[in-house]
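Architecture and fold: a report
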Amino acid sequence: MDSRKRQLSVTEAITIEHAPKFHKRIRLQSSTKNIDEPKQFRALLDSTTSNSKEILELIVKISDEREFDDITESQIKELISKLFDLYRQERDGDSMVRVKILDLLADISKVCMPHIINDLLDKIIYILKVEKSKNVISEGLKSLHTIGTQNLESISFSYVRSISNFAQKQLSSENYRTQKNALLVLSTFIPLHDSQKCIVDVIALYANSQDMGVRTEALRSILKLGERGASLTPELYNFAVAAMKDDYECVRREALKLVFKLGATCPDYMIQANEEEEPMRLIDSAFNTICISFSDLCIRIRVQAAEHLAQLIQVSPEYLHQTLHKQVMSNLRRKKTAHERGVSLMASGEFASGKRWMKDSPLELIDTESVSLLSTGACGALVIGLEDEFLEVRAATVDAMCKLALSNPDFAVTSLDFLVDMFNDEIEDVRIKAIYSLVAISHHIVLREDQLEMMLSSLEDYSADVREALHIMVGVCRVATESCLIRVVFKLLDVLAKYPQDKYSTFNCMRKIGQKHPNLCMAVSSRLLQDHPLFQNAELDVEDPAYLCVLILLFNAAKHLIPMISLFPDVTLKHYTYLRDAMPQLVPQLPIEGASTVKTIDKHEGLSSLEYLNIILTRIHEIFGIAPARIPLLKTAQLNLLRLGQIDPEMFGTANFLETFLAAQIQIAQLQICTTYQQSRVPLKESLTLLIRNCLKLQHIFSGLTNEDLLLVKEVCLRATALNLILIVQDRSQSALAPCQLLLKTAADISNFLEQKENLQPDEFTNALLTELINIPDPKPGRVYRQILRLVQNASLVCMPPPNVNIRMCVANIVEPCAQVAYDNVIKVTAGLIASLPFVAEINNMQESQRGDMRIKVRYPDQNVHVIVPKMTDFKKIMTEHGEQESNVRLRSTLLLSHSVWTEASLVEITLCLGVRPSTDIELCKTKILFAPKPVRRGI
């Protein structure tokens with residue numbers, strides 16, 4: 001007994017998330033407790049008390065626990081029958097008990113069979129028809145809505161008709177909650193052919209209710225019917241516009257949605273607000289009405305108005321341009337000319353005598369409510385949104401302006417100045433949003449000198465994200481004159497001298513500027529290269545970042561204008577040959593003698609990458625059958641897969657996944673030999689660690705896997721963990737308890753996966769191993785070892801996955817600190833104090849779930865390791881001129897280095913890794929820097 005307790009204590013000390021669960025057909029053989037209904041259910045079923053308070057307490061306990069998944073069908077029927085008996089018992093008692101019973105019935109319906117649902121609805125409708133309490137009827141309607149929405153596909157049409165008829169009768173109730181819930185039920189269950197006839201008009205009448213909840217629900221119900229497919233007539237527009245003047249925010253929000261819905265659904269319908277105004281398109285009127293909401297007191301309505309404006313791209317240009325002008329107008333009311341007024345006066349037959357009050361007035365009758373001293377409607381709406389005090393409204397307005405400008409080039413040119421003004425916003429996110437909005441509409445505009453001043457002044461922003469966004473913006477925009485180009489280039493060089501860490505983004509900016517302005521670059525090339533026509537200048541340093549920017553600019557311009565090469569000095573041509581080899585992604589290929597060339601492969605000639613990959617996989621499957629000499633051949637295929645991933649970027653993820661899968665197979669085959677012969681040397685711990693690490697890479701750094709791929713990966717992991725246990729038990733130099741628990745956990749994982757994916761079939765080894773594990777009553781390491789030894793020794797290799805071109809591999813690159821620069825610059829700090837080091841890394845194909853697992857490891861020469869967990873705010877999606885990249889992320893953080901005194905500068909290793917387990921990390925990339933803690937200087 002004592003030894004068993006000691007064994008359990010050691011087992012509990014190992015970090016295991018959950019107890020292992022196996023496949024359903026296997027788990028039935030394990031010892032499990034009989035599942036019984038909760039105690040509260042039993043107490044409710046057995047209760048014979050007539051005390052309303054005790055019944056209410058039992059129902060509340062059941063509602064709070066909500067344990068309905070493990071109840072059988074017979075128990076559900078018995079519970080429902082008991083609840084209806086209690087309802088009849090409390091018909092003349094406390095209404096709160098009946099309310100809680102209806103609420104509990106709605107919760108139980110989540111696990112009911114379809115035939116039980118129909119019977120349940122029938123009984124609820126029957127008891128509600130004879131119910132007198134308004135609160136109970138209101139709760140009953142809510143329960144009907146809950147049950148119906150959860151089981152809409154399993155309810156027969158007759159019951160749907162009964163629910164809608166009962167709800168329609170309750171609209172005449174005097175209770176506002178009943179009316180509100182009745183509208184909710186009607187919008188969900190009323191048949192569409194009824195809604196298209198008259199029910200929309202009936203619901204619209206309740207938008208004039210005295211209760212703001214009923215008014216809100218009426219508008220929401222009309223929108224719900226529209227989403228279900230009912231036709232919303234344009235006659236509802238005036239009714240929705242009137243609702244936008246409501247005193248309550250919730251009503252105005254729904255009315256705003258209805259105005260937008262009508263404008264987007266019937267854009268060309270002609271509507272006339274009053275007799276004095278000309279008819280106008282419905283979308284123009286809706287656009288005008290939504291713009292009024294920019295002056296609403298509620299921030300959420302202002303944001304919603306901006307979001308709706310962004311989708312009304314069919315609006316007429318005159319109304320669209322009016323949103324950027326704050327001029328006193330007459331709300332687009334048509335003014336009669338003097339001739340027209342004279343004609344109408346003569347047509348009246350007499351002039352005004354002044355004797356009859358308002359009877360013979362020749363003047364135009366003007367409604368006092370239609371007169372406004374300031375402009376209304378679309379006049380200056382977007383400007384008001386840009387000047388709003390809340391950043392949410394400003395950001396939404398910038399988005400709306402960008403989307404409207406994309407569909408209207410003239411509006412894009414007009415909105416340019418307003419977007420540039422937002423570069424000075426106090427909030428960084430708003431500035432970045434304005435910059436990328438300008439990037440999106442850059443193909444519609446050409447920058448002038450006066451417009452460049454504000455943009456270039458923003459380049460000195462303290463935020464690195466803003467500066468990078470501005471570099472992208474400057475790179476995609478076009479300038480008009482040579483002086484504009486000179487100002488842009490010199491400003492970028494000045495900012496680079498102030499912020500040397502922006503070197504790479506500045507290089508990319510110069511590359512794009514050269515590609516877009518080859519003619520202008522040719523005109524200013526001599527000035528930028530400082531090439532004197534008579535005197536020979538000194539050779540510039542090719543490692544100078546400013547000189548590199550100029551060369552990148554001119555070389556990319558020469559790519560599109562070949563005669564420009566003749567203007568380059570000889571030293572510039574020599575520098576090209578060096579930069580072409582050092583920066584091939586920034587310096588294009590030019591017809592210059594001595595430079596390296598890259599031969600392009602014609603995909604139409606020879607084999608494609610996918611065909612070549614299929615040939616490799618076919619050869620691998622043939623090699624699997626050659627037992628004695630398959631390892632060297634498989635290693636050759638592994639090298640071919642790696643090379644294929646390097647040649648074709650589109651196949652990088654697929655080739656690396658197959659290479660890692662094959663590497664794990666090779667390691668399993670090599671280690672499997674050690675389990676067969678007793679005289680062979682037991683492999684080192686590092687070999688098993690490398691195998692487990694490859695299995696973790698297959699599970700965590702690849703995305704886009706199919707279910708079949710995941711099953712093959714899990715089968716490889718199951719073989720690896722079983723082999724790990726066998727070899728450690730044979731070694732007898734370390735505890736086998738942790739490997740045994742790892743095997744059980746891996747078996748539980750693949751068992752649960754097979755239970756969820758019933759159409760997948762595992763291989764023979766997986767079936768046999770899961771069966772052996774489940775038959776072991778007490779899975780101790782020695783007992784598990786004896787049961788699975790023969791299976792592991794005779795296990796065959798897992799077949800290779802089929803080619804899947806959708807697989808992506810998570811890769812990272814540390815941009816800063818750069819290893820080459822670090823060897824030149826030693827980071828010096830007083831021993832014991834802290835040195836701050838900027839850290840920037842770009843991570844491609846990163847999944848959202850991997851953010852919390854990212855770790856930065858700092859390893860000092862004395863093997864001390866500091867682990868840094870980046871904050872979630874340190875991850876920002878990489879923005880390009882084509883928009884936001886979903887899976888590519890930039891990690892920008894700060895590392896704190898500190899150590900005791902060293903005699904000389906030594907290398908510190910910085911590694912970006914993925915922490916998949918407490919003691920296991922997957923390395924993504926690393927770099928090294930020189931760090932020198934100096935002794936403290938003593939005073940004299």
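Conventions adopted
- Residues numbered from 1 in each chain as written.
- Predicted model: local features only at pLDDT ≥ 70, side-chain atom pairs only at ≥ 80, totals over all residues.
- Heavy atoms only, no water.
- Helix = DSSP H or I, 4+ residues; strand = E, 2+ residues; numbered from the N terminus.
- Contact = heavy atoms within 4.5 Å.
- Areas by Shrake-Rupley, 256 points an atom, 1.4 Å probe, with all protein chains shown as cover.
- Buried < 20%, exposed > 50% of the residue type's maximum accessible area, 1.4 Å probe, protein only.
- Disulfide = S-S within 2.5 Å.
- Pairing = 2+ DSSP bridges.
- Axes fitted to C-alpha atoms, helices over the stretch in contact; angles between N-to-C directions.
- pLDDT = per-residue confidence, 0-100.
- Expected span 1.5 Å × (residues − 1).
- Patch = residues over 30% accessible without salt bridge, like charges linked within 9 Å, V, L, I, M, F, W, Y side chains within 5 Å.
- Salt bridge = Lys/Arg side-chain N within 4 Å of Asp/Glu carboxyl O.
- Left-handed = near helix turned anticlockwise from the far one by under 90°.
- Nonpolar A, V, L, I, M, F, W, Y, C, P; charged D, E, K, R; others polar.
- Parallel < 35°, antiparallel > 145°, perpendicular 65-115°, else oblique.

1. Re the overall build of the protein
Within the protein one finds 38 helices and 15 strands. Considering only contacts within the protein whose residues lie at least 6 apart along the sequence, 72% involve residues at least 24 apart. With the model as given, the accessible surface of the protein reaches about 49,200 Å², and the carbon-plus-sulfur share is 51%.

2. Some points on the side chain of H471
For H471, the location among the structural elements is in helix α24 (residues 464-476). What makes H471 buried here is its relative accessible area of 3%. Residues contacting H471, with those up to four places away along its chain left out, are L459, L492, D502, S505, T506 and C509.

3. Side note on the state of the cysteines
A complete count under the given rule lists 0 disulfides for this structure. C717 carries a free sulfur, and the closest cysteine sulfur to it, the one in C695, is 4.2 Å from it.

4. Quick word on the sheet that holds strand β15 (residues 920-934)
The sheet built from 5 strands is open, its strands ordered β8-β15-β14-β10-β11 with mixed pairing. Sheet topology places β8 (827-830) and β11 (865-868) at the edges, where each strand pairs with a single neighbour. Adjacent strand axes in the sheet meet at a mean angle of 35 degrees when their direction is disregarded. Together, β14 (906-917) and β15 form the strand contacts of helix α33 (residues 685-700), whose direction differs from that of β15 by roughly 105 degrees.

5. Some points on the confidence of the model for the protein
Averaged over every residue, the pLDDT of the protein is 79; residues scoring 70 or more account for 81%. Here residues 1-37 is modelled with pLDDT under 50, and outside its nearest four sequence neighbours on either side it reaches 41 contacts, counting other chains as well. Residue range residues 370-375 is modelled with pLDDT below 50. Its contacts to residues more than four positions away, or to other chains, number 5 contacts.

6. Here we look at helix α30 (residues 609-624)
Each turn of an α-helix holds 3.6 residues, which means side chains three or four residues apart point in the same direction. The terminal C-alpha atoms of α30, which comprises 16 residues, lie 23 Å apart, in line with the 22 Å expected from a rise of 1.5 Å per residue. Buried positions along α30 lie against α31 (630-647) and α32 (652-676).

7. So, a nonpolar patch on the surface
Residues V865, V867 and V869 make up a contiguous nonpolar surface patch of roughly 230 Å² in combined accessible area. With respect to the helices and strands, the residue V869 is situated in the loop between β11 and β12 (875-880). For V869, a relative accessible area of 52% puts it in the exposed group.

8. Focus on the pattern of salt bridges
Taken as a whole and assessed by the stated rule, the structure comprises 27 salt bridges. A salt bridge links E254 to R220; its shortest N-O distance comes to 3.5 Å. Of this pair, E254 sits in helix α14 (residues 249-265) while R220 is found in helix α12 (residues 212-228), placing the two residues 34 residues apart along the sequence. Here R719 makes a salt bridge to D763, at a shortest N to O gap of 3.0 Å. With R719 in helix α34 (residues 707-731) and D763 in the loop between α35 (737-756) and α36 (764-774), this residue pair connects regions lying 44 residues apart in the sequence. Its relative accessible area of 4% is what places R719 among the buried residues. Counted as one network, the salt bridges with shared partners bring together D465, E468, E842, K876, R890 and R892.

9. Some details on unusual backbone geometry
Look at the link from E816 to P817: it is a cis peptide, with omega at 5 degrees. Checked against the element boundaries, P817 lands in the loop between β7 (811-816) and α38 (819-824). Phi angles above zero are rare outside glycine, and Q863 is one such case at about 70 degrees. For Q863, the location among the structural elements is in the loop between β10 (854-859) and β11.

10. Structural notes on the packing of helix α27 (residues 518-529) against helix α28 (residues 545-560)
Interaxial distance between α27 and α28 falls to 9 Å at its minimum, and their mutual angle equals 145 degrees. Viewed along their axes, α27 and α28 form a crossing whose handedness is left-handed. On α28, the residues that touch P518, C521, S525, L528 and L529 of α27 are Y547, V550, L551, L553, L554, A557 and H560. Residue classes in the contact of α27 with α28 are distributed as 10 nonpolar, 2 polar and no charged.

11. Quick word on the packing of α34 against α35
Where α34 meets α35, the closest approach of the two axes is 9 Å, and the angle between their N-to-C directions is 160 degrees. As far as their axial angle goes, α35 and α34 are roughly antiparallel. Seen from above, α34 lies across α35 with left-handed handedness. Touching N707, L710, L711, K714, E715, C717, L718, T721, A722, N724, L725 and I728 of α34 are P739, C740, L742, L743, T746, A747, D749, I750, F753 and L754, all from α35. Of the residues contributing to the contact of α34 with α35, the split by class is 15 nonpolar, 4 polar and 3 charged.

12. Remarks on the environment of S836
Relative to the helices and strands, S836 resides in strand β9 (residues 835-844). Under the relative-accessibility criterion, S836 is labelled exposed at 55%. Here the alpha-carbon distance between S836 and L897, two residues 61 residues apart in the chain, equals 6.5 Å.

13. With respect to the environment of F239
For F239, the location among the structural elements is in helix α13 (residues 236-243). Sequence separation between F239 and L205 is 34 residues; the distance between their C-alpha atoms is 9.7 Å. Residue contacts for F239: discarding those within four places in its chain leaves A204, A207, L219, I222 and L258.

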